[in-house]
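As a plain string of letters, each chain reads:
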Amino acid sequence: MKFTSEQLKIMDSIISRYPRSRSAIMPLLHYVQAIDGYVTERGIETIAEILNLATAEVTAVSSFYTQYRSEPAGEYHVGVCINTLCAVMGGDEIYESLTDHLGIENHETTKDGKVSIERIECNAACDYAPVVMVNWEFYDNQTPQSVKDLVDSARAGNPRPPTRGPSKLRTWKENSEVLAGLNDGLAHEGVSAGSASLLGLQISKNGGRQ
Amino acid sequence: MTKLTPVLSAHWDEKDSFTIEGYKRVGGYKAVTKALTMEPDAVIQMIKDSGLRGRGGAGFPTGSKWGFIPQGDNKEHYLVVNADESEPGTCKDMPLLMANPHVLIEGIIIGSYAIRANHAFIYLRGEVVHVFRRVQQAIEDAYKAGLLGKNIGGKGYDLELTLHAGAGAYICGEETALLDSLEGFRGQPRLRPPFPAIAGLYAKPTVVNNVESIASVPAIINNGIEWFQEMGTEKSKGFTLYSLSGHVNNPGQFEAPLGITLREILELAGGIREGHQLKFWTPGGSSTPLFTDQHLDIPLDYEGVSAAGSMLGTKALQIFDETTCVVRAVLRWSEFYKHESCGKCTPCREGTWWLVQMLHDLEAGKGTEADLAKLLDLCDNIAGRSFCALADGAVAPIISSLKYFRDEYLEHQRNGGCPFDRVASTIFKTVGV
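Every value quoted in this text rests on a predicted model; they were computed, and no experiment measured them. Starting from 1, residues in each chain are numbered consecutively following that chain's sequence as written. All chains are assigned letters beginning at A, and all ligands numbers beginning at 1, according to the order in which they are written. Totals for whole chains, interfaces and linings use all residues, but because this is a predicted model, local features are given only for residues with pLDDT of at least 70 and pairs of side-chain atoms are given and counted only at 80 or more. As a convention, hydrogens and water are excluded, and side-chain values are obtained from all of the structure's heavy atoms.

## Thoughts on the domain arrangement of chain A
- Domain boundaries assigned for chain A yield domain 1 (5-64) and domain 2 (76-171).
- Reported domain spans reflect what an automatic or database domain assignment gives. Computed over C-alpha atoms only, the centres of domain 1 of chain A and domain 2 of chain A are separated by 29 Å.

Dropping the structure here:
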């Protein structure tokens, strides 16, 4: 099945952001994931066609980056940081309890298609360790129980909101569309900064005291 | 006692700090107005004279980088901001962009004007959707306000700014891999020379700067060189963000003059968590050799950290207490480098796999003393033998941990496995919380 003419028009607008069209491969791949849920064959073929490349050239790029998936993600894609700092502080325990709870392993999706899991590397939120990302939104200071509750709430259709992010968690496809550069208008939601980000500022305002 | 100096973080506690109104209310975009009345070369000279050095890890003088761009060459020039923040432990640019994306945009306009670029890019890691939203909205609002696009501020200067999401590859934080990625290829480092200043994006003269470096520019333009140089040490001028994480009572961001010590930061942050002691720490991410409690008073500036055998790096202070097994920590970092090696250079691609295999055995108590020599020999054949610094980073935790904790490796062998209680190093104390 072909992409709709409206979708193809969006692809053209993505290409127009760059001085050279090939630079649009990455946002186009994010956009394909927003529509299809992963990098599909039709996605590869369409990108190759509109950028005048061989499909092998597009696949070479797609297979290099871990965010591009070769099979569908769950509606809620849960990444548990297992890089050293988060792992030591409890990321390993969170990951183990989550796999037990869901009965799936790394890169797998629950049978209902709701939740997939991934062991992720450092996500630049170490002052909120242990960190879990859902659809690449921040869930700070997690515990094994809080993450079990989080995935249960997602499977029940009412996911808990991110700690620093929009007031309602969007789906994996919807967030992939944001990464393709399509503004969803939610930038104003959520805090300016979390409490750890503000710690030094507040100590400074208190004359060096906490 | 060194005092904190919130500049970049000064207004993060305002509810609308990330909006254009919020930024303008605290003096935002005044530096652009000033810079656009200066000659571009004068802007470059001012940043050179300020002593601002790259905040992304290498510490290269920002103004000098700008000065390397050949002028009058009739070629397009590009400014590319490295917002791929992925070095383990590093968490300063993402909160900065979430709380104040406009200070980066203001710095980009000034930097692009100085190097005569009419198109700039922000390469933002893809795994931070809400940060992406904030930056994207800020760019749209800056366009609407006439701060981007044609004839900025009525001064005849044009600038396009494109936000680009990465897709999960640590290597794209390396500037030439980032450029390949931005051109639409696999993100693999390039052989240098030519350097990006001569042949960067699309083989055109290009400056690649870290988020924090560029975001520091407006404050320097507004407040002047003397103000900037009052902070910091002889060769490491100014303020910077230190990110404290791990086994401390209060992790967080601390903006301070370069040269503050970990002892001072820990004192401000309420110290190591109750009942525990500092064991080892990284001064600037996992690629910077480990320090121990002997290094609490090292000035955290480029020279001080380097003289003590490590690197200032990204100023990511990851703190581990005595409950942490150093072999486990190093193995996990090694698995990271193995996963993130781009595969271009054989010593890194193959060597990181060997490192992980050996460390696995050592952690499981199956190693021997001879293996430690073999491990170091392997490191010797990886570091400095690849295109980029990923390989050097991969061996840094191994070599430094063997220097300070050699016996802990052997203890695993004597014990027939890891002697540490893993749960003790978590923050929940008991499993199932």
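Additional details are given in the paragraphs that follow.
## Points about the sheet that holds strand 9 (residues 291-292) of chain B
All names here are of chain B.
- Paired strands, as defined in this entry, are two strands with at least two bridges between them according to DSSP. Numbering of helices and strands starts at the N terminus; helices are DSSP runs of H or I of at least 4 residues and strands are runs of E of at least 2. One open sheet holds the five strands; their spatial order is 7-6-10-8-9, and the pairing between them is mixed. In the strand order of this sheet, the two ends are held by strand 7 (252-257) and strand 9, each with one partner.
- As defined by bridge partners, strand 8 (residues 278-282) adjoins strand 10 (residues 316-321) across four bridges and the pair is classed as antiparallel. Bridge pairing in strand 10 places tryptophan 281 opposite isoleucine 319.
- In this analysis, two residues are considered to be in contact whenever any of their non-hydrogen atoms come within 4.5 Å of each other. Working convention: axes come from line fits to C-alpha atoms, limited for helices to the stretch in contact. Angles between N-to-C directions cover 0 to 180 degrees. The strands that helix 15 (residues 326-340) touches are strand 8 and strand 10; relative to strand 8, the one it contacts most, it runs at about 15°.

## Some thoughts on the interface of chain B and chain A
- Taken together, the contacts link 92 residues of chain B with 79 residues of chain A.
- Here chain B meets chain A over a buried area of about 6,700 Å², counting both sides, of which 58% is carbon and sulfur.
- Criterion for a salt bridge: a side-chain nitrogen of Lys or Arg within 4 Å of a carboxyl oxygen of Asp or Glu. Viewed at the interface, chain A and chain B are joined by seven salt bridges.
- Salt-bridge contacts for aspartate 13 of chain B lead to lysine 205 of chain A; the nearest nitrogen and oxygen are separated by 2.5 Å.
- Whenever two N or O atoms come within 3.5 Å, that pair is a polar contact, provided that in protein one can donate a hydrogen and the other can accept it, and provided that, for residues adjacent in sequence, both atoms are side-chain atoms. Scanning the region where chain B abuts chain A turns up 47 residue pairs in polar contact (both at pLDDT 80 or more).
- No other element matches helix 7 (residues 129-144) of chain B, which puts nine residues into the side of chain B that touches chain A.
- As a working rule, the residues Ala, Val, Leu, Ile, Met, Phe, Trp, Tyr, Cys and Pro are called nonpolar, Asp, Glu, Lys and Arg charged, and the rest polar, with Gly in that last group. Residues that form the side of chain B that touches chain A fall into these classes: 43 nonpolar, 31 polar and 18 charged. In this description, buried area is defined as the sum, over both parts, of the accessible area (probe of 1.4 Å) that is lost when the two are combined.

## Points about the pairing of strand 1 (residues 76-81) of chain A
Residue and element names in this part refer to chain A.
- Counting buried residues in strand 1 gives six out of six residues, a clear majority hidden from the surface.
- Summary of the burial criterion: residues with accessible area below 20% of their type's maximum are buried, those above 50% are exposed, and those between are partly exposed, where the area comes from a 1.4 Å probe applied to protein chains only. Neither face of strand 1 is left uncovered, since the one carrying Tyr76, Val78 and Val80 and the one carrying His77, Gly79 and Cys81 both have all their residues buried.
- Here six bridges tie strand 1 to strand 2 (residues 115-120), and the two strands are oriented parallel to one another. Bridge pairing in strand 2 links valine 78 to isoleucine 117.
- With the strands pointing away from the viewer, any crossover whose connection runs clockwise from the first strand over the helix to the second is right-handed. Crossover handedness for the path strand 1 to helix 5 (residues 84-102) to strand 2: right-handed.
- Here three bridges tie strand 1 to strand 3 (residues 132-134), and the two strands are oriented antiparallel to one another. Within the sheet, the bridge partner assigned to valine 78 lies in strand 3 and is valine 134.

## Details of helix 18 (residues 390-415) of chain B
- Expected helix span is taken as 1.5 Å per residue step, with the number of steps being one fewer than the number of residues. Between the first and last C-alpha of helix 18 of chain B there are merely 33 Å, a value that for 26 residues lags more than 12% behind the 38 Å anticipated at 1.5 Å per step.
- Each residue is assigned a bend, namely the angle between axes fitted to the seven residues that terminate at it and the seven residues that start at it. Along helix 18 of chain B, the largest kink reaches about 90° and is centred on phenylalanine 405 of chain B.

## Concerning the nonpolar core
- Nine residue types can take part in a nonpolar core, namely buried Ala, Val, Leu, Ile, Met, Phe, Trp, Tyr and Cys, and a core is a set of them joined through side-chain atoms within 4.5 Å. Ranked by internal contacts, the top residues of the largest apolar core, which has 170 residues, are Tyr65 of chain A together with Trp66, Ile108, Ile109 and Ile122 of chain B.
- Setting aside anything within four residues of it in sequence, one finds isoleucine 108 of chain B in contact with Leu79, Val81, Ala120, Ile122, Leu159, Leu161 and Ile214 of chain B.
- If you look at the next biggest cluster of nonpolar residues, it comprises 27 residues, including Val248, Ala256, Leu266 and Leu296 of chain B.

## Quick look at the packing of helix 7 (residues 172-179) of chain A against helix 7 of chain B
- Relative to each other, helix 7 of chain A and helix 7 of chain B sit at 40°, their axes nearing to 9 Å. In terms of their interaxial angle, helix 7 of chain A and helix 7 of chain B are classed as oblique. As for the relative orientation of helix 7 of chain A and helix 7 of chain B, their crossing is left-handed in sense. Together, Asn175, Val178 and Leu179 of chain A of helix 7 of chain A and Val129, Phe132 and Arg133 of chain B of helix 7 of chain B make up the contact between the two elements.
- Grouping the constituent residues of the contact of helix 7 of chain A with helix 7 of chain B by class yields four nonpolar, one polar and one charged. Our angle categories are set so that under 35 degrees counts as roughly parallel, over 145 as roughly antiparallel, 65 to 115 as roughly perpendicular, and the remainder as oblique. Two helices that cross are described as forming a left-handed crossing if the nearer one is turned anticlockwise from the farther one by less than a right angle, and a right-handed crossing if clockwise.

## Looking at the side chain of arginine 134 of chain B
- Tracing the backbone shows arginine 134 of chain B in helix 7.
- Counted as positive: Lys and Arg. Counted as negative: Asp and Glu. His and the chain ends are not counted at all. One buried charged side chain, arginine 134 of chain B, makes no salt bridge at all; its nearest oppositely charged neighbour is glutamate 189 of chain A, positioned 8.5 Å away.
- Here the side chain of arginine 134 of chain B touches glycine 190 of chain A through a polar contact of 3.3 Å, landing on its backbone oxygen.
- Sequence-distant contacts of arginine 134 of chain B, that is, excluding residues within four places in its chain, are made with Ala187, His188, Glu189, Gly190, Val191 and Ser192 of chain A together with Phe18, Leu97, Met98 and Pro101 of chain B.

## Points about the state of the cysteines
- Here, two cysteine sulfur atoms that lie within 2.5 Å of each other are counted as a disulfide. Summed over all chains, the structure comprises zero disulfides over all chains.
- Of all cysteine sulfurs, the one in cysteine 126 of chain A lies closest to cysteine 91 of chain B, which takes part in no disulfide; the gap is 4.2 Å.
- Counting only cysteine sulfurs, cysteine 345 of chain B is the nearest neighbor of cysteine 342 of chain B, a cysteine outside any disulfide, at a range of 6.2 Å.
- Overall, the relative accessible area of 15% leaves cysteine 342 of chain B in the buried class.

## Examining unusual backbone geometry
- The omega angle of the peptide bond from alanine 129 of chain A to proline 130 of chain A is -5°, so this bond is cis rather than trans.
- Mapped onto the elements, proline 130 of chain A comes out in the loop between strand 2 and strand 3.
- Between proline 193 of chain B and the following residue, proline 194 of chain B, the backbone shows a cis peptide bond with an omega angle of 5°.
- With respect to the helices, strands and loops of the structure, proline 194 of chain B is situated in the loop between helix 8 (175-182) and helix 9 (196-199).
- In this structure, histidine 107 of chain A is a non-glycine residue whose phi angle is positive, near 70°.

## Overview of a negative patch on the surface
- Like charges within 9 Å and nonpolar side chains (Val, Leu, Ile, Met, Phe, Trp, Tyr) within 5 Å are joined into patches, using only residues over 30% in relative accessible area that form no salt bridge. In short, Shrake-Rupley with a 1.4 Å probe defines the accessible areas, and a residue's cover is counted only from the protein chains shown. Charge placement uses NZ in Lys and CZ in Arg. For Asp and Glu, CG and CD serve respectively. Together, Glu71, Asp100, Glu105 and Glu108 of chain A give the surface a local cluster of negative charge.
- Owing to a relative accessible area of 46%, glutamate 71 of chain A belongs among the partly exposed residues under this scheme.

## With respect to the packing of helix 6 (residues 101-115) of chain B against helix 7 of chain B
All names here are of chain B.
- The N-to-C vectors of helix 6 and helix 7 enclose an angle of 55°; their axes lie 9 Å apart at closest approach. As far as their axial angle goes, helix 7 and helix 6 are oblique. Helix 7 is crossed by helix 6, and the crossing has right-handed handedness. Contacts between helix 6 and helix 7 pair Pro101, His102 and Ile105 from the former with Arg134, Val135, Ala138, Ile139, Asp141 and Ala142 from the latter.

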